[in-house]
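The chain contents come next:
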Amino acid sequence: MSLKARVDSCRCGHECQLRTSWTPSNPGRRFYGCKIEKDKGGCNYFKWVDDEFPSQANRVIWGLLNRVKAFEEERARARTRWKKLASITVLMLIIWVCYCVVSH
């Protein structure tokens, strides 16, 4: 993978923004583009920085991205379960304390 010359500005004169593609066909591949969206007056400039990755690399990167996404989703579900469990534990503790105070 070789780096091509840096593009300083796009056709509308703005400094280009270095971005990363996360599409299935080009995951992790970097490109320069106009920092202004086309519908807001940008020129839609686009130029790849990285050479095209081999198809096997694309499949591996995409598979790893899917694993990371699945892990993050499971982590979010675990946090939600933990918060519910903590809330129930605090509530039970409050009920127990109230019961002990009223019983004595």
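None of the values given here were measured: they were computed from a predicted structure. Sequence positions are assigned chain by chain, starting from 1 and proceeding in written order. Selection of residues for local features in this predicted model requires a pLDDT of at least 70, selection of side-chain atom pairs for listing and counting requires 80 or more, and totals for whole chains, interfaces and linings are taken over all residues. Based on all heavy atoms of the structure, the side-chain values leave hydrogens and waters out of the count.

A.B. asks: Before we go on, may I ask you to explain the overall build of the chain in this structure?
C.D. replies: We count a stretch as a helix when DSSP gives it H or I for four or more residues in a row; a strand needs E for two or more, and each element gets its number in order from the N terminus. For the chain, the helix and strand inventory stands at 1 helix and 3 strands. Ordered by position in the sequence, the α and β elements of the chain form the string β-β-β-α. For the radius of gyration, the atom set is restricted to C-alpha positions; the globular benchmark scales as 2.2 Å times the number of residues to the power 0.38. Here the C-alpha atoms of the chain give a radius of gyration of 26 Å, more than 25% beyond the 13 Å that 2.2 N^0.38 yields for 104 residues. Its C-alpha atoms give the chain principal-axis dimensions of roughly 80 × 35 × 20 Å. Each residue gets one of three labels from its accessible area relative to the maximum for its type: buried under 20%, exposed over 50%, partly exposed in between, using a 1.4 Å probe on protein chains only. The buried share of the chain, reckoned over its 104 residues, is 17%. All accessible-area figures derive from a Shrake-Rupley calculation using a 1.4 Å probe, and residue coverage is judged against the displayed protein chains alone. Carbon and sulfur atoms make up 61% of the accessible area of the chain, which amounts to about 8,400 Å² in all. A positive count includes Lys and Arg, and a negative count includes Asp and Glu. His and the chain ends are not counted in either. Every charge is mapped onto a representative atom, which is NZ of Lys, CZ of Arg, CG of Asp or CD of Glu. Treating the 19 positive side-chain charges of the chain as one cloud and the 10 negative ones as another, the clouds have centres 5 Å apart.

A.B. asks: Explain a nonpolar patch on the surface here, please?
C.D. replies: A residue counts toward a patch only above 30% relative accessible area and without a salt bridge, and it is joined to like-charged neighbours within 9 Å or, for Val, Leu, Ile, Met, Phe, Trp and Tyr, to nonpolar neighbours within 5 Å. Salt bridge, as applied in this entry: a Lys or Arg side-chain nitrogen positioned within 4 Å of an Asp or Glu carboxyl oxygen. Together, L93, W96, V97 and V101 make up a nonpolar patch on the protein surface, roughly 420 Å² of accessible area in all. Tracing the backbone through its elements, the reader meets V97 in helix α1 (residues 55–103). Accessibility expressed as a relative area gives 38% for V97, which makes it partly exposed.

A.B. asks: Can you walk me through the domain arrangement of the chain in this structure?
C.D. replies: How large an interface is tends to be reported as the accessible area lost when its parts come together. We note that the domain assignment places domain 1 (8–51) and domain 2 (54–103) within the chain. Of note, the centres of domain 1 and domain 2, computed from C-alpha atoms alone, are 37 Å apart. What makes two residues a contact is simply this: any of their non-hydrogen atoms within 4.5 Å. Each partner contributes residues to the interface: domain 1 has 6 residues there, and domain 2 has 4 residues. Two parts placed together each lose some accessible area under a 1.4 Å probe, and the buried area is that loss summed for both. For the pair domain 1 and domain 2, the summed buried area comes to about 420 Å², and 72% of that belongs to carbon and sulfur atoms. It is W22, P24 and P27 that lose the most area in domain 1 upon contact with domain 2, and together they represent 87% of the buried surface on that side. At the junction of domain 1 and domain 2, the tally comes to 0 salt bridges. A 3.5 Å cut-off defines polar contacts: any pair of N or O atoms within that distance qualifies, except that in protein one atom must be a possible hydrogen donor and the other a possible acceptor, and neighbouring residues in sequence count only when both atoms are side-chain atoms. Across the domain 1-domain 2 interface, the total number found is 1 residue pair in polar contact (both at pLDDT 80 or more). Note that the domain bounds reflect an automated or database-derived domain assignment.

A.B. asks: Where do I start with the UniProt feature "domain: GRF-type" (unreviewed entry) in the chain in this structure?
C.D. replies: UniProt positions are given in the numbering used here, feature names are shortened, and annotations may be inferred rather than shown by experiment. The sites that carry the UniProt feature "domain: GRF-type" (unreviewed entry) are, in the present numbering, residues 10–52. In residues 10–52, helix accounts for 0% and strand for 30%; the two terminal C-alpha atoms are 22 Å from one another.

A.B. asks: What am I meant to see in the UniProt feature "transmembrane region" (unreviewed entry) in the chain here?
C.D. replies: If you check UniProt for "transmembrane region" (unreviewed entry), the listed places come out as residues 85–102 in our numbering. Taken end to end, residues 85–102 has its terminal C-alpha atoms 26 Å apart, with 100% of it in helix and 0% in strand.

A.B. asks: Which parts of the structure should I look at to understand the side chain of D50?
C.D. replies: Mapped onto the secondary structure, D50 falls in the loop between β3 (46–48) and α1. At 2.8 Å, the side chain of D50 and the side chain of R30 are in polar contact.

A.B. asks: Explanation requested: the sheet that holds strand β2 (residues 30–34) in the structure shown.
C.D. replies: Paired through backbone hydrogen bonds, the strands of a sheet run either parallel or antiparallel to each other. With antiparallel pairing, the 3 strands of this open sheet are ordered in space as β1-β2-β3. Looking at strand neighbours, the two that pair on one side only are β1 (16–20) and β3, the edges of this open sheet. If you compare each strand with its neighbour and ignore which way they point, the axes differ by 25° on average. Two strands are said to pair when DSSP picks up at least two bridges between them. For every element, the axis is a line fit to its C-alpha atoms; helices are fit only across the contacting stretch, and the angle between N-to-C directions ranges from 0 to 180 degrees.

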